[in-house]
Amino acid sequence: LVLSLAWLGPAWGGEDKDEEVIEEEEKEKKEDEVLSDEIKEEDNVLVLHEHNFARALSEHQLLLVEFYAPWCGHCQQLAPAFAQAATELRNESSPARLGKVDATAQTALATEFGITSYPTLKLFRDGNRTHPLAYTGRMDSQGIVRWMQRRAGPSATLLQDTDTIAAFINSKDLVAIGFFKDLRGEAAQAFFEVAAEVLDMTFGVVEAAELFQAYGLSADTVCLFKKFDERQTKFPVDPEKGLDTAELTRLLRIHSLQLVMEFTNETSDQIFSAKIPHHMLLFLNKSSPAQLSLQDSFRAAASGFRGEVLFVVVDVTGHGADVLPFFGMTAADAPTLRLVKMENNRKYKMEQDNFSDSAIRTFIQAVLDGKVKPQLLSAEPPEDWDTRPVKVLVGKTFEQVAFDETKNVFVKFYAPWCPHCQAMAAAWEELAERYKDREDIVIAEMDSTANELENITIHGYPTLHYFPAGPGRKMVEYKSTRDVETFSKFLENGGTLPEEPPVSEVRGQPPCPGLSPAPAG
């Protein structure tokens, strides 16, 4: 009987009806979940949407929200670190919480907060929905935790007596202390802002008059205490202009570095984040006592250029070995000197290396005064550079090909290690094959890690430039979709495309950074 009823069920419509009811109930349940302001969590991260966002803001004093897209590779990469940071903050009972919004599904929230790329992180404080703060920290768990901790509590420690301040100064290799007569004044508040942003430095504040006197101060001053080089650097607050946060941050970055840095895995972040416009590099083999002794004159030359030129020692047998190809060098070239202009990665070389401090100073000043021409890398052109559909350019041959007034030249500037370049390689070959019989069109490529140009700086890979025929040395950067049909349309229209909405960072892929970590950027 049971079996008979089971078989007859569908004929009576019972089972179909049950399935419909179940589907309807599940649908209603999902709709209720979406419409509800209940806040669910995944790995201690609040799952937010249009209907619970306001509640989350009202319940959490500090809420860092990640706006993401499920298909975004950068978001997927960030997810484990974001969850780990959320767990750490939760475990320490911090008032700071982390949340996430699928911006592709919650389009109203994405529009409200101007989300144009993924992931975008914004901090909401005290329920304020109209003025969220952009996240400026590192995209790893410790970076997120430290950034949030600085905003959850005082960004600087209040120091009230001589014993406390002495212990504070001795606790780290580097501490910044703001001496302010009024901690509620504009200058002190600007100092707190800087302390909240500069996460790799420890900050303290002083208001007590006896501590001003103990440290020989009579007016508002920021002091940097170090266990290296000059032990104390003072930055007096201008009584008329006040304390400029950007300028103080710059000065702290510059003076927190040793006068002469050694390029290592541990110091590379410091070297690049200082944003000093020029780097003077001494390449040497640290296993050679004779070469090690060159550091004395190198250091002697450094003091007069602090803030303008960063002096860096690079061991060609250590961490520095990885950067030698960027300079077209091998370990056998050491000892040698190079100066790099960070703005465009131009490299300058002495005609003959002279390691005396006076010669180094003279050379640097000549570069700063524009009296020295940069040294440009160029590989040798392959024998078959112009016999294949894609023409292979090098520094030495670029001018004659790209600026040929009878040709329209489309050039891909690439790096061999760049995944985006590798992904579009087949499309570039197909494009070249399509136009190989056109006398007026040249499809070319240049390895920008081995070749440099005097008037063209490549900041990311791949970069595509179009050089139209005719006089005037014109250049057009291609910024649209990287596929054969769009490339072809661009060429057939003489280096332009019909007006279309710009490709958003959300959908497009950002280029690979122009250079791998090296003293030159």
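The rules behind the values
- Positions within a chain are numbered from 1, following the residues in the order the chain's sequence is written.
- This being a predicted model, a pLDDT of at least 70 is required before a residue's local features are given, and a value of 80 or more before pairs of side-chain atoms are given or counted; all residues contribute to the totals for chains, interfaces and linings.
- Where side-chain values are given, they derive from all heavy atoms of the structure, hydrogens and water being excluded.
- For each structure, a 1 Å grid was placed over the protein atoms alone; sets of points admitting a 1.4 Å probe that cannot get out are labelled cavities, open sets with protein on both sides within 12 Å along at least five of seven lines are labelled pockets, and lining residues have an atom within 4 Å of a point.
- Grid points are joined across faces, edges and corners, and a volume is the space filled by probe spheres set on the points.
- We count a stretch as a helix when DSSP gives it H or I for four or more residues in a row; a strand needs E for two or more, and each element gets its number in order from the N terminus.
- Only protein chains enter the accessibility calculation, which uses a 1.4 Å probe; a residue is then buried when its area is under 20% of its type maximum, exposed when over 50%, and partly exposed in between.
- In this scheme, a helix's expected span is set at 1.5 Å multiplied by one less than its residue total.
- Two axes define the bend at a residue: one fitted to the seven residues ending there, one fitted to the seven starting there, and the bend is the angle between them.
- Two residues form a contact once any of their heavy atoms are found within 4.5 Å.
- Under the grouping applied here, Gly and all other residues not named as nonpolar or charged are polar, the nonpolar ones being Ala, Val, Leu, Ile, Met, Phe, Trp, Tyr, Cys and Pro and the charged ones Asp, Glu, Lys and Arg.
- Annotation comment: domain bounds sourced from an automatic or database domain assignment.
- Strands are treated as partners if at least two bridges between them are detected by DSSP.
- A clockwise course of the path from the first strand over the helix to the second, judged with the strands pointing away from the viewer, identifies a crossover as right-handed.
- Salt bridge, as used here: a side-chain nitrogen of Lys or Arg that lies within 4 Å of a carboxyl oxygen of Asp or Glu.

Enquirer: Help me understand the layout of surface pockets, please; the structure alone is not making it clear to me.
Expert: In this approach the atoms are scanned with a rolling probe the size of a water molecule, which exposes any empty space left behind. Estimated volume of the largest pocket: approximately 1,300 Å³. Around the largest pocket, the lining is made up of 40 residues, and of these Glu197, Val198, Leu199, Asp200 and Arg253 lie nearest the centre. Only helix 6 (141-152), helix 8 (186-197), helix 10 (245-256) and helix 11 (268-273) provide two or more residues apiece to the lining of the largest pocket. The greatest single-element share of the lining of the largest pocket, amounting to six residues, is contributed by helix 6.

Enquirer: For this particular structure, what's the right way to read the environment of threonine 330?
Expert: Here threonine 330 shows up in the loop between strand 14 (309-315) and strand 15 (336-341). Take threonine 330: its relative accessible area is 45%, and that puts it in the partly exposed class. Put simply, threonine 330 and threonine 317 are 13 residues apart on the chain and 10.0 Å apart in space, counted from C-alpha to C-alpha.

Enquirer: What exactly am I supposed to notice about helix 4 (residues 73-91) here?
Expert: For helix 4, with 19 residues, the first-to-last C-alpha span of 28 Å sits near the 27 Å given by 1.5 Å per residue. Taken as a whole, helix 4 carries its principal kink of about 35 degrees at alanine 79; the proline proline 80 stands between one and four residues after it. All buried positions along helix 4 are accounted for by Cys75, Leu78, Ala81, Phe82, Ala83, Ala85, Ala86 and Leu89. Contacts made by the buried residues of helix 4 are with strand 2 (45-48), strand 3 (62-68), strand 4 (96-102), strand 5 (120-125) and helix 6. In the segment just after helix 4, serine 93 is the residue with positive phi, at about 55 degrees.

Enquirer: Help me understand empty space enclosed by the protein in this model?
Expert: Summed over all chains, the structure comprises two cavities of 30 Å³ or more. Looking at the largest cavity, its volume works out to about 200 Å³. Looking at the largest cavity, it is lined by 18 residues, and the ones nearest its centre are Arg346, Ser448, Asn451, Glu452 and Ile458. Per-class residue counts for the lining of the largest cavity are nine nonpolar, six polar and three charged. Both of domain 3 (260-369) and domain 4 (391-493) provide at least three residues apiece to the lining of the largest cavity. Along the walls of the second largest cavity sit Ile254, Leu257, Gln258, Leu259, Ile276, Ala302, Arg306, Gly307, Val309, Leu310 and Phe311, which together make up its complete lining. By residue number, the principal contributor to the lining of the second largest cavity is strand 14, which donates three residues. Of the residues belonging to the lining of the second largest cavity, the class tally is eight nonpolar, two polar and one charged.

Enquirer: Explanation requested: the pairing of strand 9 (residues 202-206) in the structure shown.
Expert: Counting buried residues along strand 9, four of its five residues qualify, which places the element largely inside the surrounding structure. Here strand 7 (residues 157-158) pairs with strand 9 via two bridges, running parallel. Following the sheet pairing, leucine 158 is matched in strand 9 by valine 205. When strand 8 (residues 174-179) meets strand 9, the two strands line up parallel, connected through five bridges. Bridge pairing in strand 9 links valine 175 to threonine 202. For the segment spanning strand 8, helix 8 and strand 9, crossover handedness is right-handed.

Enquirer: Would you explain the pattern of salt bridges in this entry?
Expert: Side chains that carry opposite charge are capable of pairing whenever their charged atoms lie near each other. Across all of its chains, the model carries 27 salt bridges by this definition. The closest approach of N and O atoms between glutamate 230 and lysine 226, which form a salt bridge, is 3.0 Å. The class of glutamate 230 is partly exposed, set by a relative accessible area of 31%. The closest approach of N and O atoms between arginine 306 and aspartate 229, which form a salt bridge, is 3.8 Å. Placement of the pair is arginine 306 in the loop between helix 13 (295-302) and strand 14 and aspartate 229 in the loop between strand 10 (221-226) and strand 11 (232-236), with a sequence separation of 77 residues. Residue arginine 306 is classed as partly exposed on the basis of its relative accessible area, which comes to 23%. Exposure remark for aspartate 229: the relative accessible area of 28% places this residue in the partly exposed category.

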